[in-house]
Amino acid sequence: MSKKTNPLRILVVGCGNMGASHATAYHTMDAFQICGLVSTGKTNEVLNKKLGGSYTLFHDFETALEATKPDAVAISTYPDTHEPFAIKAMEKGCHVFIEKPLADSVKGAERVAKAAKKFKRKLVVGYILRHPPSWERFIQLSHELGKPLVMRMNLNQQSDGKMWTLHRNLMKSLSPIVDCGVHYIDVMCQMTRTKPIQVNAIGARLTEEIPAGNYNYGQLQIRFEDGSVGWYEAGWGPMISETAFFVKDVIGPKGSVSIVAKEAGGTGKSGSIESHTKTESLRFHHADLDKQEKFLKEDTVINLKDEPDHQELCNREQRYFLKSITEDIDLTDHIEDAVNSLRIAFACDESVRTGKVVSLK
């Protein structure tokens, strides 16, 4: 693939929270040129004003695609549109950046992956937790703990106002443990480096404001081939507790590593997108004992300074997207990981709905 000397013309589809952050990244990068902002409502108008008011606005994706003929498309819409939008874009010769999850079904995700291969287009999925240095270190340190691992993670979000509206809309197609769970399932798979074999999950519908049969609280458990186990908990809504809503740690025979985020994990922070990736320090607990069965070492606290904020993480995602195009990076593993984490998340969703343990073998 030859490198482009001109900026990549990119069509931004979806101008809400994540779409606005990705558009801001493109706006500040010389290598990209936004050729249009697409939203069904007025979020593109708000975003356009924020970015200087110079971009062309559209309310229909296919109309925008035909009118602008972009080199790339960034999709940050609701999950039920991800598959058709991504495939249509690739059919038109566009590279695609798409927010997680890749689709609203496993079959849909597989079809998107197949389209990327068929049309030889780059497909990058927005797994933002792959970009913070602290999370990279968190995963690296987990490999020093021995096996099996016990992984404990959650992200409960107490929401009202616009955020509760967003959550209600998301739950028309996906549960919290699918929409958010794919991030943390991906992290667990990176930590264990082995195959998940079984899942079990529970869920509860705590509000009548979401469709019957859906649930806004869920907890999943995963068993891995090497004996490792992990759980993830997610709840959305005005009733959700903010007590211990931010737990991220991993335990092994040799000790444990925990993300310590006193500020980001404080009261009033569970609904903040900025706090979801925030890491203030890592605590490495050493399990070694002396002859008196006292700890040989004090815990190691790794203070993390100059951690990137949410916008910078989105900037890094887009720099990776650009690099994948200009340097022709092989994204096979990246795409397979995205499909695999979604497959596991939907198996957990099946477990909630059936009340049964689901085998992944």
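Further up the page is the structure itself.
These notes cover the structure that comes with them.

## Let's talk about the overall build of the protein chain
Right, so step 1: Helix and strand counts for the protein chain come out as twelve helices and 16 strands.
Right, so step 2: Relative to the 2.2 N^0.38 estimate, which gives 21 Å for 361 residues, the radius of gyration of the protein chain is 21 Å and therefore close to what a compact globule would have.
Right, so step 3: Its C-alpha atoms give the protein chain principal-axis dimensions of about 75 × 45 × 40 Å.
Right, so step 4: Per-residue burial for the protein chain yields a buried fraction of 53% across its 361 residues.
Right, so step 5: Residue pairs at least 24 apart in sequence account for 70% of intrachain contacts in the protein chain once pairs closer than 6 positions are excluded.
Right, so step 6: Looking at the protein chain as shown, the accessible area adds up to about 16800 Å², and 48% of this sits on carbon and sulfur atoms.
Right, so step 7: The averaged location of the 45 negative side-chain charges in the protein chain is 3 Å from the averaged location of its 46 positive side-chain charges.

## Observations regarding the environment of histidine 183
Right, so step 1: The topology assignment puts histidine 183 in helix α9 (residues 181–192).
Right, so step 2: Its relative accessible area of 10% is what places histidine 183 among the buried residues.
Right, so step 3: A sequence separation of 71 residues divides histidine 183 from valine 112, and the C-alpha atoms of the two residues are 19 Å apart.
Right, so step 4: Contacts of histidine 183, omitting those with residues within four sequence positions, involve Lys100, Gly126, Tyr127, Ile128 and Leu129.

## Focus: the sheet that holds strand β6 (residues 123–126)
Right, so step 1: Within the open sheet, the six strands sit side by side as β3-β2-β1-β4-β5-β6. Their pairing is parallel. Looking at the sheet topology across the chains shown, the edges are occupied by β3 (57–58) and β6.
Right, so step 2: With four bridges connecting them, strand β5 (residues 95–99) and β6 associate as parallel partners. Note on β6: the bridge partner recorded for valine 96 is leucine 123.
Right, so step 3: The sheet strands contacting helix α3 (residues 61–68) are β1 (8–13), β2 (32–38), β3 and β4 (72–75), and the helix crosses β1 at an angle near 170°.

## A few points about the state of the cysteines
Right, so step 1: All told, the structure shown has zero disulfides when counted by the stated rule.
Right, so step 2: Not engaged in a disulfide, the cysteine cysteine 314 finds its nearest cysteine sulfur in cysteine 15; these two sulfurs lie 14 Å apart.
Right, so step 3: Left unpaired, cysteine 348 is separated from the closest cysteine sulfur, that of cysteine 189, by 10 Å.

## A look at the pattern of salt bridges
Right, so step 1: Scanning the entire structure with this criterion turns up 15 salt bridges.
Right, so step 2: Between lysine 92 and glutamate 66 there is a salt bridge, with the nearest N and O atoms lying 2.7 Å from each other. Here glutamate 66 lies in helix α3 and lysine 92 lies in the loop between α4 (82–91) and β5, a separation of 26 residues in the sequence.
Right, so step 3: Judged by relative accessible area, which is 45%, lysine 92 ranks as partly exposed.
Right, so step 4: Shared partners join several salt bridges into a network, and the residues in it are Arg130, Asp186 and Asp337.

## Re helix α7 (residues 161–170)
Right, so step 1: Inspection of α7 places Met163, Trp164, His167 and Leu170 among the buried residues, and these make up the whole buried set. Each buried residue of α7 sits inside an arc of 120° when the element is viewed along its axis, so together they form one side.

## Focus on the pairing of β1
Right, so step 1: Most of β1 sits inside the fold, with five of its six residues counted as buried.
Right, so step 2: Bridging between β1 and β2 involves six bridges; their strand directions are parallel. Looking at β2, one finds that arginine 9 is bridged to glutamine 33.
Right, so step 3: The β-α-β motif built from β1, the intervening helix α1 (residues 17–28) and the parallel element β2 has right-handed crossover chirality.

## As for the packing of aromatic side chains
Right, so step 1: Counted by the stated rule, this structure contains eight aromatic pairs.
Right, so step 2: Here the aromatic rings of phenylalanine 245 and phenylalanine 246 are separated by 6.4 Å at their centres, their planes lie at 85°, and the arrangement is edge-to-face. For the residue pair phenylalanine 245 and phenylalanine 246, the accessibility class agrees, reading buried in each case.
Right, so step 3: One aromatic cluster is present, built from ring pairs that chain together Tyr26, Phe32, Phe97 and Phe321.
Right, so step 4: The ring centre of phenylalanine 246 lies 3.7 Å from the NZ or CZ of lysine 248, which sits over that ring.

Thresholds applied
Residues numbered from 1 in each chain as written. Predicted model: local features only at pLDDT ≥ 70, side-chain atom pairs only at ≥ 80, totals over all residues. Heavy atoms only, no water. Helix = DSSP H or I, 4+ residues; strand = E, 2+ residues; numbered from the N terminus. Rg over C-alpha atoms; globule rule 2.2 N^0.38 Å. Buried < 20%, exposed > 50% of the residue type's maximum accessible area, 1.4 Å probe, protein only. Contact = heavy atoms within 4.5 Å. Areas by Shrake-Rupley, 256 points an atom, 1.4 Å probe, with all protein chains shown as cover. Lys, Arg positive; Asp, Glu negative; His and termini not counted. Charge placed at Lys NZ, Arg CZ, Asp CG, Glu CD. Pairing = 2+ DSSP bridges. Axes fitted to C-alpha atoms, helices over the stretch in contact; angles between N-to-C directions. Disulfide = S-S within 2.5 Å. Salt bridge = Lys/Arg side-chain N within 4 Å of Asp/Glu carboxyl O. Arc of directions from axis to C-beta. Right-handed = clockwise from strand over helix to strand, strands pointing away. Phe/Tyr/Trp six-rings, centres within 6.5 Å; stacked < 30°, edge-to-face > 60°. Lys NZ or Arg CZ within 6 Å of the ring centre and 35° of its normal.

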